[in-house]
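Tertiary structure, described
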Amino acid sequence: MKRSALVVGASGIGGHATARELLAHGWTVYGLARRPPADLPGLIPVPADLMDPERLGAALATAFGDGGPTHVFIMTWMRQDSEAENIRVNAALVRNLLDALGSRKTLRHVALVTGLKHYLGPFEAYASAGTLPDTPLRESQPRLPLDNFYYAQEDEVYAAAARDRFTWTVHRPHTVIGMAVGNAMNLGTTLAVYASICKATGRPFRFPGSRAQWEGLSDVTDARMLARQLRWAADHDAARNEAFNITNGDYFRWSWLWRRLAAWFGVQAAGFEGEIRPLEAEMANDHAVWREIATRHKLVEADLNRLVSPWHTDLDLGRPIEVMTDMANSRRLGFAAWQSTEDSFYDLFAELRARMLIP
C-alpha cells in the first residue's frame, strides 16, 4: 500500500532529518511548518500554523485535496512562559492537527516526538531535587507527579487514536544534534558558534555546566538516528503503540568529549572549574562580536539569536545528575542502528562550515 508522510515541524532539526530519511526511502513526503524548508528536493511544502485551525484546514485541503497522509510525524512545539501555558498551547497544536486530519479517514499511524523531560520534568522543575529519576532512563518509568506538556501531547494522541483507530508510537530523544537554523533547542550549533567566538577572541572554550555532567556518563541523539527509528517504527507492526527512547547508542563523558570538540576548532579547552558558569551569561554580550565575525568571513547568518540557544545548553549541561538512556525497548524489537557521538558533532560542524554558518 502506498505510504505518504506528513512531517510536522519539517524545518526543525528532527523534522528536516526525518523528511530527508523518508524521501531517501521512496516515501511521498509533505513538510508542514510555518516556513517549510526549500532545500529538500521532493518535499511537498505545506505552509501552515497549527494554532489557526481554519487556515490549517485550508492548507491541508490544498495539499491533499480529499485525501490525506497515511503517516504523521509530529515533532514541533512552541515555548511559553509557564508550564501551564506550554500545556495549553502544545496540546492544542496536536489536537488541532489530529482533528483536522481525522475526518479524512486516511491516517494509519502517528508518531509523536517528545524527549527526556518526560523523565526529568518540565522547564520549571527540570532535574530538580525530589524528582530526580533513576538512570539509565527507561520507558517503563512512570510519569512524574508534575504538570508536563509532553504528557498532554501524548494524551491528545492517545485520545485521537482511540477515536480514529490509528496506531501510534512515542519517541523520546536526548539532546538532538543536527542541522537547523532558528531552532529553539540547538546544543550542537550553540557549541559550534561559541567555539568560533572563542577562537576569534582568544577566550578559552569553557565548559559551562555542572560537576555531575562533566564527570558523569551521558548520551545524545543524532537527528539522523531519530529519523531512522521513526522510519523503522512506521514499518514494523511489533513497534505499534509503544514508547521508545532514542539515542546514538554510545555513552561518553563531557570531560572526554569537550577537549575533542575544542581541538576540532583549534581552541583552548577549559573544563569544570568548581562552579557552573552559564553559557547564557558568557555569550550575553557576543552579538556585536558575532556580527563582526559574520561580516569578516561572509557568513550567511549574522543574527546570533538565530543560531544559538545557550539557555537550553545550560539546562542540559547544568543538570545535577549524570543522564544516560536505556534503549532496550526498541533493541528487543529489532532496531539495531548505532551512531558515533563524536562523529555526530564533527559532521554537524562540517555542515555548518560548508553552509557558511560558521567560519
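Here, the structure is the one placed above.
For the structure given in this document, a descriptive report is provided here. (Residues numbered from 1 in each chain as written. Predicted model: local features only at pLDDT ≥ 70, side-chain atom pairs only at ≥ 80, totals over all residues. Heavy atoms only, no water.)

Details of the pairing of strand S11 (residues 242–246)
Of all five residues in S11, four are buried; the element is thus mostly enclosed. Note that strand S6 (residues 167–173) and S11 share five bridges and pair parallel. Residue pairing across strands places Val170 opposite Ala243, the latter belonging to S11. (Buried < 20%, exposed > 50% of the residue type's maximum accessible area, 1.4 Å probe, protein only. Helix = DSSP H or I, 4+ residues; strand = E, 2+ residues; numbered from the N terminus. Pairing = 2+ DSSP bridges.)

Details of the pattern of salt bridges
One pass over the full model with this rule turns up 26 salt bridges. Note that Arg277 and Glu273 form a salt bridge whose closest N and O atoms lie 3.8 Å from each other. Judged by relative accessible area, Glu273 falls into the partly exposed class, the value being 45%. Where Arg306 meets Glu301, a salt bridge forms, and the shortest distance between an N and an O atom there is 3.6 Å. Judged by its relative accessible area of 15%, Glu301 falls in the buried class. (Salt bridge = Lys/Arg side-chain N within 4 Å of Asp/Glu carboxyl O.)

Some thoughts on the pairing of S6
Buried residues dominate S6, accounting for six of its seven residues. As judged from the five bridges shared by strand S5 (residues 109–113) and S6, these two strands associate in the parallel manner. In the sheet register, Val113 faces S6, and the bridge partner there is His171.

Quick notes on the environment of Arg231
Looking at the element boundaries, Arg231 is found in helix H8 (residues 223–235). Between the C-alpha atoms of Arg231 and Thr18, which are 213 residues apart in sequence, the distance is 7.9 Å.

Observations concerning the packing of aromatic side chains
Centre-to-centre distance and the angle between the planes together describe a pair of aromatic rings. A complete count under the given rule lists 21 aromatic pairs for this structure. Relative to Phe335, the ring of Trp232 lies with its centre 5.4 Å away and its plane at 50°, an arrangement referred to as tilted. In this pair, Trp232 is assigned in helix H8 and Phe335 in the loop between helix H13 (328–331) and helix H14 (341–354), connecting sequence segments 103 residues apart. Residue classification places Trp232 among the buried positions, given a relative accessible area of 8%. Take Phe335: its relative accessible area is 5%, and that puts it in the buried class. Across from the ring centre of Phe123, 5.5 Å away, lies the NZ or CZ of Arg79, which sits over that ring. (Phe/Tyr/Trp six-rings, centres within 6.5 Å; stacked < 30°, edge-to-face > 60°. Lys NZ or Arg CZ within 6 Å of the ring centre and 35° of its normal.)

Section: the packing of helix H2 (residues 53–64) against helix H3 (residues 83–102)
Closest axis-to-axis distance for the H2/H3 pair is 10 Å, and the angle between their directions is 45°. Relative to H3, H2 is oriented oblique. In this structure, H2 crosses over H3, and the sense of that crossing is right-handed. From H2, Pro53, Leu56 and Leu60 reach across to H3, where they touch Asn96, Leu97, Ala100 and Leu101. Here the residues of the contact of H2 with H3 are counted per class, giving six nonpolar, one polar and no charged. (Axes fitted to C-alpha atoms, helices over the stretch in contact; angles between N-to-C directions. Parallel < 35°, antiparallel > 145°, perpendicular 65-115°, else oblique. Left-handed = near helix turned anticlockwise from the far one by under 90°. Contact = heavy atoms within 4.5 Å. Nonpolar A, V, L, I, M, F, W, Y, C, P; charged D, E, K, R; others polar.)

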